[in-house]
Amino acid sequence: MELQINGQAVQVDADPAMPLLWVLRDLLNMTGTKFGCGVAACGACTVRVDGQAVRACVTPVATLAGRRIQTIEALGTPARPHALQQAWIAEQVPQCGYCQSGMLMAAAALLEKTPKPTDADIDAAMTNICRCGTYQRVRLAIKRAAGMGVARVPAKKRS
């Protein structure tokens, strides 16, 4: 089967029912997409398919012929990071980092569809689970990447 992954035509010999996650990780050695829960609940495995955020752990590879798949490996580069990656760093989003590739892919899908998202837009689109609880930082980073100039409230001094 031929897949379009990160702008490249890739041949894979996989069972049609195999989830995309395992095609990426086990057959193509693309380990940026993470396994979290295996039931599409956590979002660690989120990739983009034709621009939409998709949970790769439950997406059969047979459903992807002729569709554009983008993984975290193609979001940006160390030399030219994506605006979201820059904002993630500026807002200190990553803690353990495990969920971050899925979060970034979901955020990229959101910004492509809604360039200036409201808090409600962000809450609706960002259904990924972060065990470290960095949801407020994720929101700030998405707004920063959207060029929405986030005003930060200074922290209170302890006495």
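Everything numeric here is computed off the predicted structure, so don't read it as measured data. (Residues numbered from 1 in each chain as written. Predicted model: local features only at pLDDT ≥ 70, side-chain atom pairs only at ≥ 80, totals over all residues. Heavy atoms only, no water.)

Participant: It is not clear to me how unusual backbone geometry should be interpreted in this structure. Could you clarify?
Facilitator: Most peptide bonds adopt trans geometry, and most residues besides glycine take a negative phi value. Of note, Asn 29 is a non-glycine position whose phi angle comes to about 55°, a positive value. Its place among the elements puts Asn 29 in the loop between α1 (20-27) and β3 (46-49). Phi angles above zero are rare outside glycine, and Asp 50 is one such case at about 50°. You can see Asp 50 is positioned in the loop between β3 and β4 (52-55). For Asp 50, a relative accessible area of 30% corresponds to the partly exposed category. (Helix = DSSP H or I, 4+ residues; strand = E, 2+ residues; numbered from the N terminus. Buried < 20%, exposed > 50% of the residue type's maximum accessible area, 1.4 Å probe, protein only.)

Participant: Help me out: how do you make sense of the nonpolar core in this one?
Facilitator: Across soluble globular proteins, nonpolar side chains show a tendency to be buried alongside one another. By size, the foremost hydrophobic cluster in this structure holds 22 residues, and its most contacted members are Leu 84, Trp 88, Met 103, Met 126, Val 138 and Ile 142. If you list the elements that add at least two residues to this core, you get α2 (83-90), α3 (100-113) and α5 (135-145). Here this core gets eight residues from one element, more than from any other, and that element is α3. (Core = buried A, V, L, I, M, F, W, Y, C linked by side-chain atoms within 4.5 Å.)

Participant: Help me out: how do you make sense of the pattern of salt bridges in this one?
Facilitator: When the charged atoms of two side chains with opposite charge come close together, those side chains can pair. Evaluated as defined, the whole model comprises seven salt bridges. Between Asp 50 and Arg 68 there is a salt bridge, and its shortest N-O distance comes to 3.9 Å. Of this pair, Asp 50 sits in the loop between β3 and β4 while Arg 68 sits in strand β5 (residues 68-70); the two residues are 18 residues apart in sequence, bridging distant segments of the chain. Note on Arg 68: relative accessible area 54%, which makes it exposed. The partner of Arg 144 in a salt bridge is Glu 91, with the nearest N and O atoms 2.8 Å apart. Separated by 53 residues along the polypeptide, Arg 144 in helix α5 and Glu 91 in the loop between α2 and α3 bring together distant segments of the chain. Overlapping salt bridges bring together Asp 119, Asp 123, Arg 139 and Lys 143 as one network. (Salt bridge = Lys/Arg side-chain N within 4 Å of Asp/Glu carboxyl O.)

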